[in-house]
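The chain contents come next:
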Amino acid sequence: MGAFLPVAAAAIASDRGAVVTVAGPAIWYFVGYPFEAGSMIAAICACLAVRFYVVQTGREQHRWTVDLPVTLLAVMFAAAGVIRLRRDPAMALMIGTGFGALGAGIIAIALGRLRKTLPGGEDKPAA
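Parameters at a glance
- Residues numbered from 1 in each chain as written.
- Predicted model: local features only at pLDDT ≥ 70, side-chain atom pairs only at ≥ 80, totals over all residues.
- Heavy atoms only, no water.
- Salt bridge = Lys/Arg side-chain N within 4 Å of Asp/Glu carboxyl O.
- Helix = DSSP H or I, 4+ residues; strand = E, 2+ residues; numbered from the N terminus.
- Buried < 20%, exposed > 50% of the residue type's maximum accessible area, 1.4 Å probe, protein only.
- Core = buried A, V, L, I, M, F, W, Y, C linked by side-chain atoms within 4.5 Å.
- Contact = heavy atoms within 4.5 Å.
- Patch = residues over 30% accessible without salt bridge, like charges linked within 9 Å, V, L, I, M, F, W, Y side chains within 5 Å.
- Areas by Shrake-Rupley, 256 points an atom, 1.4 Å probe, with all protein chains shown as cover.
- Pairing = 2+ DSSP bridges.

Right, let's get into the pattern of salt bridges. Using the criterion set out here, one finds two salt bridges in the structure. Glutamate 36 is the salt-bridge partner of arginine 86, the closest N and O atoms lying 3.0 Å from each other. Highlighted residues: arginine 86 in the loop between helix 3 (63-85) and helix 4 (89-102) and glutamate 36 in strand 2 (residues 33-36), separated in sequence by 50 residues. With relative accessibility at 15%, the residue glutamate 36 sits in the buried group.

This is the structure:
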């Protein structure tokens, strides 16, 4: 750090338009919402890795016709969690892993919450 200060001072002294900036995380935007690029990449990779592992352990015929929409849903939830919570990459790995492991459970949880909030939703039998 000590060697950096004289170099930066010399650069600023020689060029009046020089600016010294500090590197930070890359910020990307999706539909106007900012998020850290590293955290998003970590969450999506973790979610896809867990979903791939789940698919490989349960080999059934036509498994991908069911698992592909569930995987896409899990990735979207992981991405939304990273955008909403703005966590560091380590926590984003946990978010992606968690949503990847939930998989089809996301549908059951959402359906249960929806039935609780809609009027008359508790009267309908569970599918």
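A separate point is the nonpolar core. With eight residues, the main nonpolar core is built from Phe35, Met40, Ala42, Ala43, Ala79, Val82, Ile83 and Ala92. If we skip the residues at most four places from it in the chain, isoleucine 83 touches Phe30, Tyr33, Pro34, Phe35 and Met40. Ranked by size, the runner-up nonpolar core spans five residues in total, among them Cys47, Ala74, Ala78 and Ile106.

On to a nonpolar patch on the surface. The grouping of Phe52, Trp64, Leu68, Leu72 and Met76 at the surface amounts to a nonpolar patch, some 550 Å² of accessible area in total. Considering every element that reaches the nonpolar patch, the biggest residue donor is helix 3, with four residues. If you trace the backbone, leucine 68 turns up in helix 3.

This paragraph deals with the pairing of strand 1 (residues 27-30). Remember that side chains alternate between the two faces of the sheet whenever the strand is regular. With four bridges connecting them, strand 1 and strand 2 associate as antiparallel partners. Bridge pairing in strand 2 places phenylalanine 30 opposite tyrosine 33. Joining the antiparallel neighbours strand 1 and strand 2 is a turn of two residues, in which valine 31 adopts a positive phi near 50 degrees.

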